[in-house]
Amino acid sequence: MSVEPCHVCAADALVEVAAYGAQQRVTSDCRPWRQGGRLAVCRACSTVQKVISPEWCEEADAIYAGYQLYAQSATGAEQYSFDPSSGFGQPRSTTILEAVAGHFDKTREARFLDLGCGVGVTLRSVHALAPSWRLEGYDPNIKDRASLEAISGVVGVHDGALEGLTAGFDVISCFHVLEHIVSPRETLKKARDLLSERGVLIVQVPYFHDNAFDLTIADHCSHFTPDTLAALAASAGLEARLLSVSVVRREITLVAAKAEIRHLAPPDFQAEFDLVTEALSWLADVVETAKSVSHAKPLGIFGSSIAGVMAGAALDGAFDFFIDEDPTRVGAHHMGKPILSPREVPAEASILVPLMPSIGLAVAGRLAGPLRTVVTTPRWREGAVG
Ligand SMILES: [Zn+2]
């Protein structure tokens, strides 16, 4: 048992997963980070989480101090989400908003708040989708207020105390924020109190069952499942209207409305603990797979995001280039390596595809060539649990 309590439910019930101490980690803005850290599962609420120790807080502060969102992109553009069949890509926030559009009326005037607005990518997507809405952004660390205020439709940009905002928002978005927050229930309660009576909160978080690489992100302190996320929301007075792992692959989408506070039964602790143990073992296998091709020249790593950077860090930089299908990234450098499009890859190159097998095998098929070695990851039980 750990001395730190669960940061989700506050119980003194964390059970640590010892294998995490050897894990090659990365930051959420896709930079290599040192090995180590502490991962645990709560026996009371079953939420998988980083242990929020003073060391974790220091690391998170150091990561955010050097934060460079979408640094791999030559233009600083938002990460694209790709339709696996058509290869059609668009900004991820547009994909989410279009998928949940049945939960609000985009043709009527409404007040919208983006919690964790960053550089304003979601605000821009919302304005394109609902031009009549009055948009506000909140971020505790605003870097460029003027550029946020210049976005069409934006009527307010806030930092400081969240509860200081004027309540009555019809839609609040919270995309890729909750997994960073050490007091997620308090944040959800504050968001709930800012909603209008019929307002909805849209939450987007990673789903580690379908993307084991999420566990390697040092500054992600909670690793939710649909069940643990819904239980957390219920404990904050929010009732799920939509809970999906298919709006964006390998992520969880929650649309929730105001309700009485409820305590839902947690998912099975042992099943969660076993799955995390298995995931860490799989990640260790991915590192071994990467090392097995480290002698190949030239060697490319497919993907310049979390998984690719973890593999590149595990190789200690012993590779020649990244390959990315995201057009906004091609031509940039990351970890000192050029990012090539698939067409630019030399015919005789060896390629490591450190992706979840469900997408990695399809990618490997597209990259295959007579002179090439394309190496994928071991099998994983994506979608089998949760
Ligand atoms: Zn807990």
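### With respect to the sheet that holds strand β19 (residues 337–340)
On the basis of which strands lie adjacent, the open sheet formed by 6 strands has the order β18-β19-β17-β16-β20-β21 and mixed pairing. Here the strands that pair on one side only, and so sit at the sheet edges, are β18 (333–334) and β21 (373–376). Examined bridge by bridge, strand β16 (residues 299–302) and strand β20 (residues 350–353) share 3 bridges and lie parallel to one another. Paired with L299 across the two strands is S350, which belongs to β20. Against the sheet, helix α8 (residues 306–314) makes contact with β16, β17 (321–323) and β20, and its axis sits at roughly 145° relative to β16, the strand it touches most.

### Some remarks on the packing of helix α2 (residues 92–99) against helix α3 (residues 121–129)
Two numbers describe how α2 lies on α3: the axes approach to 9 Å, and their chain directions differ by 45°. By the criterion of interaxial angle, the relationship of α2 to α3 is oblique. By crossing handedness, the relation of α2 to α3 is classed as right-handed. Touching S93, T94 and L97 of α2 are V121, T122, S125, V126 and L129, all from α3. Its residues assigned to classes, the contact of α2 with α3 comprises 4 nonpolar, 4 polar and no charged.

### Topic: the domain arrangement of the protein chain
Here the protein chain is described as being made up of domain 1 (14–65), domain 2 (80–262) and domain 3 (270–376). Computed over C-alpha atoms only, the centres of domain 2 and domain 3 are separated by 30 Å. Counting residues at the interface gives 13 residues for domain 2, matched by 12 residues for domain 3. In terms of residue class, the side of domain 2 that touches domain 3 is built from 7 nonpolar, 4 polar and 2 charged.

### Remarks on the pairing of β19
Two elements, β17 and β19, share 2 bridges in a ladder whose sense is parallel. By the bridge assignment, F322 is partnered in β19 with I339. Judged from the 2 bridges that link them, β18 and β19 form a sheet pairing that is antiparallel. Counted as the bridge partner of H334 is K337 from β19. Once β18 ends, the chain turns through 2 residues before running back antiparallel as β19, passing M335 with a positive phi of about 55°.

### What about the sheet that holds strand β5 (residues 48–50)?
One open sheet accounts for 4 strands, arranged β1-β4-β5-β13; its pairing is antiparallel. Edge strands, defined here as strands with exactly one partner in the open sheet, are β1 (14–16) and β13 (222–223). Of the pairings in the sheet, the one linking β5 to β13 comprises 2 bridges and is antiparallel in character. For Q49, the partnering residue across the bridge sits in β13 and is S222.

### Some words on the environment of T228
The residue T228 is located in helix α6 (residues 226–235) in this model. Taking the number of C-beta atoms within 10 Å as the measure of exposure, T228 has 26 and is therefore buried. Measuring from C-alpha to C-alpha, the distance between T228 and V126 comes to 28 Å, with 102 residues separating the pair along the chain. Filtering out sequence-adjacent residues up to four positions away, T228 remains in contact with C45, S46, T47 and P267.

### A word on the pairing of β21
Side chains V374 and T376 of β21 all project onto a buried face; the interleaved residues T373 and V375 project onto a face where none is buried. Alignment of β20 against β21, held across 4 bridges, turns out to be parallel. If you follow L352 over to β21, its bridge partner there is V375. Handedness of the crossover is the feature at issue here: the chain leaves β20, passes through helix α9 (residues 357–367), returns alongside β21, and the resulting connection is right-handed.

About the cut-offs
- Residues numbered from 1 in each chain as written.
- Predicted model: local features only at pLDDT ≥ 70, side-chain atom pairs only at ≥ 80, totals over all residues.
- Pairing = 2+ DSSP bridges.
- Helix = DSSP H or I, 4+ residues; strand = E, 2+ residues; numbered from the N terminus.
- Contact = placed C-beta atoms within 7 Å.
- Axes fitted to C-alpha atoms, helices over the stretch in contact; angles between N-to-C directions.
- Parallel < 35°, antiparallel > 145°, perpendicular 65-115°, else oblique.
- Left-handed = near helix turned anticlockwise from the far one by under 90°.
- Nonpolar A, V, L, I, M, F, W, Y, C, P; charged D, E, K, R; others polar.
- Domains from an automatic or database assignment.
- Buried ≥ 20, exposed ≤ 12 C-beta atoms within 10 Å, placed from the backbone.
- Right-handed = clockwise from strand over helix to strand, strands pointing away.

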